[in-house]
Amino acid sequence: MSTAFLPSFWALVPAAGVGSRMRADRPKQYLQLAGKTILEHSLGCFLDHPQLSGLVVSLAADDPYWPTLACAQDPRIQRAEGGRERADSVLNGLLRLTELGAQEQDWVLVHDAARPNLARSDLDLLLAELADDPVGGLLGVPARDTLKRAGADGRVRETVDRALIWQAYTPQMFRLGPLHRALAEALVADVAITDESSAIEWAGQAPRLIEGRADNLKITRPEDLDWLRQRWAGRR
Ligand code: C5P
């Protein structure tokens, strides 16, 4: 895809989570994968993009791992302070982007720190599809498996119609001003916000779903990392 028609954008990577489901000795974004940390792979897809205006990573204030990485010295990457929840970390990152010169109408792509397998073709697809969109949207994948709603006893209550169900991935692409307002207002209203799309939805807008690759997975459990390590064996 030619980059000539892609819009310029800012990238924001919230990386202040702990990832306790990995049962590791450190936050999951700092686990090793093919010679680098997961976080470095997650940042990598953006850094060489010709349309990138700047990149902010939100980090826990006492994060001892980040300063040891080579990319901590990269002048293209700026740091923001992480917050209690993901949405707080994103909000801090948006404020940092504004300090760096990002404007109300600029596109911001928010990407999980633990999603290291984003393909450049998916990133360009998202940028191309949403370039003129009034709301923005996100990468996602239609649900493949039959879905069950469980009861507290661990038994199936019902089978859910999967025809219109998608898994929400990242990057999620919204304009800075509307995203900032939606997140700030949702937090004040104490609404549960697990991704940027849910804040925009709460504000009454309908983000567009762009079908991406299923292997843009978020490392959540040890077997996710085992799978990617095997797939990338020999890659440096
Ligand atoms: O825990 P989960 O994988 O859903 O987190 C999604 C993303 O949000 C991760 O990149 C994680 O580091 C980030 N996060 C954050 N600040 C928090 C909680 C999560 O930046 N307080």
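Bear in mind that the values here come from a model prediction, so they are computed numbers and not experimental data.

Cut-off values and rules
- Residues numbered from 1 in each chain as written.
- Predicted model: local features only at pLDDT ≥ 70, side-chain atom pairs only at ≥ 80, totals over all residues.
- Heavy atoms only, no water.
- 1 Å grid on protein atoms, 1.4 Å probe; cavity = no way out; pocket = protein on both sides within 12 Å on 5 of 7 lines; lining within 4 Å.
- Points joined across faces, edges and corners; volume = space filled by probe spheres on them.
- Helix = DSSP H or I, 4+ residues; strand = E, 2+ residues; numbered from the N terminus.
- Nonpolar A, V, L, I, M, F, W, Y, C, P; charged D, E, K, R; others polar.
- Near = heavy atom within 4 Å.
- Polar contact = N/O pair within 3.5 Å; in protein donor to acceptor, adjacent residues only side chain to side chain.
- Areas by Shrake-Rupley, 256 points an atom, 1.4 Å probe, with all protein chains shown as cover.
- Sits in = over half its atoms within 2 Å of the grid points.
- Pairing = 2+ DSSP bridges.
- Axes fitted to C-alpha atoms, helices over the stretch in contact; angles between N-to-C directions.
- Contact = heavy atoms within 4.5 Å.
- Buried < 20%, exposed > 50% of the residue type's maximum accessible area, 1.4 Å probe, protein only.
- Lys, Arg positive; Asp, Glu negative; His and termini not counted.
- Salt bridge = Lys/Arg side-chain N within 4 Å of Asp/Glu carboxyl O.

A.B. asks: Any chance you could explain the layout of surface pockets here in plain terms?
C.D. replies: In this approach the atoms are scanned with a rolling probe the size of a water molecule, which exposes any empty space left behind. Computed from the structure, the largest pocket encloses a volume of approximately 540 Å³. If you go around the largest pocket, you meet 28 residues; those closest to its centre are Gly17, Lys28, Arg86, Asp112 and Lys218. Listed by contribution, the elements that provide at least two residues to the lining of the largest pocket are α2 (86-99) and β10 (166-175). With four residues, β10 is the single largest residue contributor to the lining of the largest pocket. Per-class residue counts for the lining of the largest pocket are nine nonpolar, ten polar and nine charged. Taken as a whole, the second largest pocket spans an internal volume of roughly 240 Å³.

A.B. asks: Would you mind going over the site of the ligand with me for this structure?
C.D. replies: Taken together, 13 residues sit near the ligand, with Pro14, Lys28, Gly83, Ser89 and Ala113 positioned nearest. At a separation of 2.9 Å, a nitrogen atom of the ligand approaches a polar backbone atom of Arg84. The separation between a nitrogen atom of the ligand and a polar side-chain atom of Ser89 is 2.7 Å. Across the complex, the protein chains shield 83% of the 470 Å² of accessible surface that the ligand would expose by itself. Taken atom by atom, the bulk of the ligand overlaps the largest pocket. A breakdown of the residues in the shell around the ligand according to their chemical character gives four nonpolar, three polar and six charged.

A.B. asks: Help me understand the sheet that holds strand β11 (residues 208-211), please; the structure alone is not making it clear to me.
C.D. replies: Adjacent strands of a sheet pair through backbone hydrogen bonds, lying either parallel or antiparallel. Read across the sheet, seven strands follow the order β5-β4-β1-β6-β10-β7-β11 without closing on themselves; strand pairing throughout is mixed. The sheet is open, and its two borders are formed by β5 (77-81) and β11, each paired with just one other strand. Recorded for the sheet is a direction-independent mean angle of 30° between the axes of neighbouring strands. Pairing of strand β4 (residues 52-59) with β5, which is carried by five bridges, proceeds in the parallel orientation. Within β5, the position partnered with Leu55 by the bridge is Ile77. Strands in contact with helix α1 (residues 38-47) are β1 (9-14), β4, β5, β6 (107-110) and β10; relative to β4, the strand with the most contacts, it is inclined by about 160°.

A.B. asks: What should I look at first to understand the pairing of β1 in this one?
C.D. replies: Along a regular strand, successive side chains alternate from one face of the sheet to the other. Most of β1 is tucked away, with six of its six residues classed as buried. Alternating residues of β1 divide into Phe9, Ala11 and Val13 and Trp10, Leu12 and Pro14, and every residue in both groups is buried. In terms of strand pairing, β1 meets β4 through six bridges, oriented parallel. Following the sheet pairing, Leu12 is matched in β4 by Val56. In this structure, β1 lies alongside β6, joined through four bridges in parallel fashion.

A.B. asks: Can you walk me through the side chain of Asp224 in this structure?
C.D. replies: Structurally, Asp224 is set in helix α6 (residues 222-231). Arg221 is the oppositely charged side chain nearest to the buried, salt-bridge-free Asp224, at an N-O distance of 5.8 Å. Separated by 2.8 Å, the side chain of Asp224 and the backbone nitrogen of Thr220 make a polar contact. Setting aside residues up to four positions removed in sequence, Asp224 forms contacts with Leu217, Lys218 and Ile219.

A.B. asks: Would you take a moment to explain unusual backbone geometry for this structure?
C.D. replies: At the junction of Thr170 and Pro171, the peptide bond is cis and its omega measures out at 10° in the coordinates. Within the secondary structure, Pro171 is located in strand β10. Despite not being glycine, Arg23 has its phi angle at roughly 50°, a positive value. By secondary structure assignment, the location of Arg23 is in the loop between β1 and β2 (32-33). By relative accessible area, Arg23 is classed as exposed at 68%. Positive phi, normally seen in glycine, also occurs at Asp190, with a value near 65°. Positionally, Asp190 belongs in the loop between α4 (176-188) and α5 (196-202).

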